Amino acid sequence: MFTAIVAETGRDDDGKHTAEVGIREVDDDVLPDGDVTLDVSHSSVNYKDGMLLAGRPGIARTSPLIPGIDVVGAVTETSSPDFAVGDLVTVNGAGLGETRHGGLAERARVDSASLVRVPEGISAAQAAAIGTAGFTAMMAVLALEGDVGPDAGDVLVTGAAGGVGSIAIAVLARLGYRVVASTGRVDEQGDYLRSLGAAEVVDRAQFSEAGKPLQSQRWAGAVDSVGSHTLVNILAQTNYGGTVAACGLAQGPDLPGSVLPFILRGVRLLGINSVDAPRALREKAWSRLATDLDRDLLDTMTETVPLAGAQDVAQRILAGTVRGRTVVDVRA
Ligand SMILES: NC(=O)c1ccc[n+]([C@@H]2O[C@H](COP(=O)([O-])OP(=O)(O)OC[C@H]3O[C@@H](n4cnc5c(N)ncnc54)[C@H](OP(=O)(O)O)[C@@H]3O)[C@@H](O)[C@H]2O)c1
């Protein structure tokens, strides 16, 4: 038996979504197929986790389901030649907390195809602090840096005080980019964002409404967690030949714009999907996180809660009041 958060979702007689989420003792035989079993030490609360923990529809593809799209732990059993008992490992995405049991539990079984050994120097708690948000931010940086170097001009990061945004700022600034952070919390989080390395902090309201299809060129590149009008305005303001990495939908999943930035300015829009990333890309991103993310800064953007605190964080992440990253110490 082990302790886990379990989400039971379904539909009532009127077809309305129902959800019951809480801490339960569960039997080991609920663990899914997979070639590596872990004693989990840490997970985290990402926006997706927040939705499921708060009982919202759209995340769980099966019920009952242990939420948690990130898992960090020590290998206890393995039939994979690539991992040994005792290895500290992590998985981000790969269906965890969506189609198969995730990380908000003391035990997990995963597929080694998406498993990564936590690089030397990164603790279990820091690996969870990085989590899907940090992995996604690094994927966006890898996409961007192929096209846009630090001398090309300003790089905009939206959703700046969130998990992806905070880590993207810290990494880009360390790599020498001049980073402009866009946030809805300029007064409250301005100092925090500058402490991560933002050279300038701007109000997200300037991007959030419909604008002209081509606007003054301001950005060599951007990492966008927001989507919708924000992404369309950023594309309209991106320099000739610039690149925008799109990784989120905090404002909305729509893209209500025109092709003019692409065909008149050669702007590139790159999609980022962390969930299905192949192992080679996972390993590359994690090895870059080990060298290009300041772990002292990571600690300053991280709050830690016990398993029993995850549902409370879910409410706050949905309300947009969480800053940076929240680690769940599943054994606390
Ligand atoms: N593509 C992938 O594989 C992948 C992986 C991870 C996450 N994501 C997506 O990326 C986004 C960010 O994830 P996260 O973990 O960083 O979430 P998060 O910690 O909740 O941060 C989201 C941030 O977006 C901003 N925001 C919230 N509502 C907004 C709105 N209506 N308009 C404009 N900005 C808004 C807020 O930043 P400010 O307070 O600073 O404005 C908030 O802190 C989410 O949409 C998530 O689903 C995608």
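In this report, we go over the structure that sits alongside the text. (Residues numbered from 1 in each chain as written. Predicted model: local features only at pLDDT ≥ 70, side-chain atom pairs only at ≥ 80, totals over all residues. Heavy atoms only, no water.)

## Quick word on the site of the ligand
Taken together, the neighbourhood of the ligand is formed by 24 residues, with Thr183, Gly184, Arg185, Cys247 and Ser274 sitting nearest. Take Ala161: an N or O atom from its main chain is 2.9 Å from an oxygen atom of the ligand. The separation between an oxygen atom of the ligand and a polar side-chain atom of Ser274 is 2.7 Å. Isolated, the ligand exposes 920 Å² of accessible area, and the fraction of that covered by the protein chains is 86%. Listing elements by their share of the shell around the ligand, those giving two or more residues are α2 (124-145) and α3 (163-174). Looking at side-chain class alone, the shell around the ligand contains 10 nonpolar, 12 polar and two charged residues. (Near = heavy atom within 4 Å. Polar contact = N/O pair within 3.5 Å; in protein donor to acceptor, adjacent residues only side chain to side chain. Areas by Shrake-Rupley, 256 points an atom, 1.4 Å probe, with all protein chains shown as cover. Helix = DSSP H or I, 4+ residues; strand = E, 2+ residues; numbered from the N terminus. Nonpolar A, V, L, I, M, F, W, Y, C, P; charged D, E, K, R; others polar.)

## Focus on the environment of Leu38
Tracing the chain through its elements places Leu38 in strand β3 (residues 36-44). Taking the C-alpha atoms as reference points, Leu38 and Ile5, separated by 33 residues in sequence, lie 16 Å from one another. Excluding residues within four positions of it along the chain, Leu38 makes contact with Val71, Ala74, Val75, Thr76, Val89, Glu106, Arg107 and Ala108. (Contact = heavy atoms within 4.5 Å.)

## Concerning the pairing of strand β9 (residues 179-183)
Regular strands have side chains that alternate between both faces of the sheet. Counting buried positions along β9 yields five of five residues, so the element is predominantly enclosed. The two faces of β9 match: Val179, Ala181 and Thr183 on one face and Val180 and Ser182 on the other face are all buried. When strand β8 (residues 155-157) meets β9, the two strands line up parallel, connected through three bridges. Within β9, the position partnered with Leu156 by the bridge is Val180. In the classification by handedness, the crossover that spans β8, the intervening α3 and the parallel β9 is right-handed. Taken together, β9, helix α4 (residues 186-196) and strand β10 (residues 200-203) constitute a β-α-β crossover, and its handedness is right-handed. (Buried < 20%, exposed > 50% of the residue type's maximum accessible area, 1.4 Å probe, protein only. Pairing = 2+ DSSP bridges. Right-handed = clockwise from strand over helix to strand, strands pointing away.)

## Regarding the environment of Pro64
Considering the arrangement of structural elements, one finds Pro64 in the loop between α1 (47-53) and β4 (70-78). Taking the C-alpha atoms as reference points, Pro64 and Ala245, 181 residues apart in sequence, are found 34 Å from one another. Filtering out sequence-adjacent residues up to four positions away, Pro64 remains in contact with Val6, Ala7, Glu8 and His101.

## Here's the deal with the pairing of β10
Inspection of the sheet shows β9 paired to β10 by four bridges, in the parallel sense. Paired with Thr183 across the bridge in β10 is Asp203.

Limitation: the analysis is restricted to geometry and does not speak to function.
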